Amino acid sequence: VQLQASGGGLVQAGGSLRLSCAASGRTFNNYAMAWFRQAPGKEREFVAGIKWSGGSTYYADSVKGRFTISRDNGANTMYLQMNSLKPEDTAVYYCAARVQPTVVVTSTHYDYWGQGTQVTVSS
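Engineer: Give a detailed account of the pairing of strand 5 (residues 45-51), specifying residues and quantitative values.
Structural biologist: Along any regular strand the residues' side chains alternate between the sheet's two faces. Among the seven residues in strand 5, five count as buried, and that is most of the element. In the sheet, strand 4 (residues 32-38) pairs with strand 5 via six bridges, with the strands oriented antiparallel. The partner of Met-33 across the bridge, within strand 5, is Ile-50. Counting the residues in the hairpin turn of strand 4 and strand 5 gives six residues, including Gly-41, whose phi is positive at 80°. In terms of strand pairing, strand 5 meets strand 6 (residues 57-59) through three bridges, oriented antiparallel. Considered in strand 6, the bridge of Ile-50 is made with Thr-57. Where strand 5 folds back onto strand 6 in an antiparallel hairpin, the turn is made up of five residues, including Gly-54, whose phi is positive at roughly 100°.

Engineer: Mind laying out the state of the cysteines, listing which residues take part and the relevant values?
Structural biologist: A complete count under the given rule lists one disulfide for this structure. Note on cysteine connectivity: Cys-21 is disulfide-linked to Cys-95, with sulfurs 2.3 Å apart. On the sign convention where negative is left-handed, the bridge of Cys-21 and Cys-95, at about 70° about the S-S bond, is right-handed. Of the two residues, Cys-21 sits in strand 3 (residues 17-24) while Cys-95 sits in strand 9 (residues 91-98), which places them 74 residues apart along the sequence.

Engineer: Any details on the sheet that holds strand 7 (residues 67-72)? Residues and values, ideally.
Structural biologist: Here four strands make up an open sheet; going across it, the order is 1-3-8-7 and the pairing antiparallel. Since the sheet does not close on itself, it has two edges, and those belong to strand 1 (2-6) and strand 7, each with one partner. If you compare each strand with its neighbour and ignore which way they point, the axes differ by 15° on average. As defined by bridge partners, strand 1 adjoins strand 3 across five bridges and the pair is classed as antiparallel. Residue pairing in the sheet places Ser-6 in a bridge with Ser-20 of strand 3.

Engineer: Residue-level account of the side chain of Arg-37, with values.
Structural biologist: Note on placement: Arg-37 falls in strand 4. On the basis of relative accessible area, Arg-37 is assigned to the buried category, the value being 7%. Here the side chain of Arg-37 touches Glu-45 through a polar contact of 2.6 Å, side chain to side chain.

Reading guide: rules and limits
Residues numbered from 1 in each chain as written. Predicted model: local features only at pLDDT ≥ 70, side-chain atom pairs only at ≥ 80, totals over all residues. Heavy atoms only, no water. Buried < 20%, exposed > 50% of the residue type's maximum accessible area, 1.4 Å probe, protein only. Helix = DSSP H or I, 4+ residues; strand = E, 2+ residues; numbered from the N terminus. Pairing = 2+ DSSP bridges. Disulfide = S-S within 2.5 Å. Axes fitted to C-alpha atoms, helices over the stretch in contact; angles between N-to-C directions. Polar contact = N/O pair within 3.5 Å; in protein donor to acceptor, adjacent residues only side chain to side chain.

If you want it as structure tokens, here you go:
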């Protein structure tokens, strides 16, 4: 399984970005996938997750109402639409996949990781 994250960049506070995570290597019907982020000096934290089959979504309280996670089955791609960005959203964002159909918030329970994409929000 390979995950390729893209879409990061520099944006002003209040702006938007869309991250993509292209997945390859197998079918993902029984997987859960998620976005995590890690700011300098901080631990990696859960941002949002999605069950590949059925599409149920889960969000951290800090991003609820501003971020939307989705997936395109045909393209084997997961997205994170980020709106109303704040400086505290600045971090490296990682996509991850878990060989279980349930979303969990603990990073150690994920089996595959993308390389990370930098998101910087200026004030």
